[in-house]
Amino acid sequence: MKKLILLGLLAASLAPAAASAQSQAEVRRSQREVREERFELEQAYRSGDPRRIARESRDLRDAKQELREDVRDRNRAWARDDWRAYRNGHPALYARGGWGAPFRYTAFRPGFRIAPVYYGPRYVIVDPWRYRLPPVRGYQQWVRHYDDVVLVDTRRGLVVDVYRGFWR
């Protein structure tokens with residue numbers, strides 16, 4: 001009985017990692033299906049058969065809907081602290097690594113205005129869903145600043161949110 005419970009706990013802890021990798025693979029697969037359906041619709045238009053055109057249009061619409069659903073699943077809205085529990089199960093993903101910034105550490109707070117050098121392309125987190133960070137809106141970007149993660153409004157240079165001690 002103990003082995004069964006232990007096996008169940010192990011499977012439950014591995015499921016989130018498999019789910020995130022699976023959803024990214026699903027997005028790629030759905031993108032490929034949309035491309036194939038577009039090609040088939042072009043072929044239907046060339047043939048001039050109205051029934052085939054209607055069928056291929058319907059298939060393309062369904063493939064686009066599936067892609068939207070897969071992207072929504074991948075980019076689902078994470079709550080403010082969902083990354084904390086996920087980090088405990090995936091320490092390698094949140095490893096500190098080498099941090100070589102040409103500036104000193106500053107403890108930013110929401111409302112601070114910062115220079116563009118702090119949110120340059122080198123420091124931007126391009127896949128926030130991977131780290132269970134909430135999605136960004138408009139001109140916002142998640143940026144790494146030493147062990148902190150900072151949400152910056154890139155139009156005005158304002159700090160919107162800060163997660164201290166994000167990287168271990």
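See the structure above.
Source: prediction; values computed, not measured. Each chain carries its own residue numbering, running from 1 in the written order of its sequence. Local features are withheld for residues below a pLDDT of 70 in this predicted model, meaning they are given only at 70 or higher, and side-chain atom pairs are given and counted only at 80 or more; totals for whole chains, interfaces and linings count all residues. Where side-chain values are given, they derive from all heavy atoms of the structure, hydrogens and water being excluded.

A. Structural context of unusual backbone geometry. Within the chain, Arg 132 stands out as a residue other than glycine whose phi angle is a positive 65°. By secondary structure assignment, the location of Arg 132 is in the loop between α3 (82-89) and β1 (140-145). Notably, Tyr 146 is not glycine yet its phi reads approximately 55°, a positive angle. Here a helix means four or more residues in a row that DSSP labels H or I, a strand means two or more in a row labelled E, and each is numbered from the N terminus. With respect to the helices, strands and loops of the structure, Tyr 146 is situated in the loop between β1 and β2 (148-153).

B. Just the packing of aromatic side chains, in detail. Aromatic rings from Phe, Tyr and Trp, taking only the six-membered ring of Trp, are treated as a pair when their centres fall within 6.5 Å; an angle between ring planes under 30 degrees marks them as stacked, one over 60 as edge-to-face, and anything in between as tilted. Applying the stated rule across the entire model yields four aromatic pairs. Ring centres of Phe 108 and Tyr 118 lie 5.2 Å apart, and the angle between their planes is 85°; this geometry places the pair in the edge-to-face category. One end of the pair, Phe 108, is in the loop between α3 and β1; the other, Tyr 118, is in the loop between α3 and β1, with 10 residues separating them in the sequence. Take Phe 108 and Tyr 118: they sit in the same class, and that class is buried. Per-residue accessibility, obtained with a 1.4 Å probe over protein chains only, is compared with the maximum for each type, and a residue is labelled buried under 20%, exposed over 50%, and partly exposed between these values.

C. Broad picture of the nonpolar core. Only buried residues count toward a nonpolar core. Its members are Ala, Val, Leu, Ile, Met, Phe, Trp, Tyr and Cys residues joined through side-chain atoms within 4.5 Å. In this structure, Tyr 131, Leu 133, Val 149 and Phe 166 are the most contacted members of the largest nonpolar core, which totals 13 residues. Breaking this core down by element, the ones donating at least two residues are α3 and β2. One finds Tyr 119, Val 150, Val 152 and Val 162 within the second-largest nonpolar core, a separate group that totals 12 residues.

D. Inspection of the pairing of strand β3 (residues 158-163) at higher detail. Among the six residues of β3, five are classified as buried, and the element is accordingly described as predominantly covered. As judged from the five bridges shared by β2 and β3, these two strands associate in the antiparallel manner. Pairing of Val 150 across the sheet is with Val 162, part of β3. Paired strands, in this sense, are two strands between which DSSP finds at least two bridges. Between β2 and the antiparallel strand that follows it, β3, lie four residues; Gly 157 among them carries a positive phi value of about 75°.

E. Focus on α3. When we look at burial in α3, the residues that qualify are Trp 83, Tyr 86 and Arg 87. End-on, the buried residues of α3 take up no more than an arc of 105°, which puts them together on one face. Facing away from the buried side of α3 by more than 90 degrees, the exposed set consists of Ala 85, Asn 88 and Gly 89. Arc, as used here, means the arc of the directions from the helix axis to the C-beta atoms.

F. Representation of the pattern of salt bridges. Basic side-chain nitrogens of Lys or Arg form a salt bridge, by our definition, when they fall within 4 Å of a carboxyl oxygen of Asp or Glu. For the coordinates displayed, the defined rule picks out three salt bridges. Between Asp 148 and Arg 164 there is a salt bridge, and its shortest N-O distance comes to 3.6 Å. Placement of the pair is Asp 148 in strand β2 and Arg 164 in the segment after β3, with a sequence separation of 16 residues. Residue Asp 148 is classed as buried on the basis of its relative accessible area, which comes to 4%.

G. A look at the environment of Asp 59. Structurally, Asp 59 can be placed in helix α2 (residues 50-74). With 25 residues separating them along the chain, Asp 59 and Val 34 place their C-alpha atoms 8.9 Å apart.

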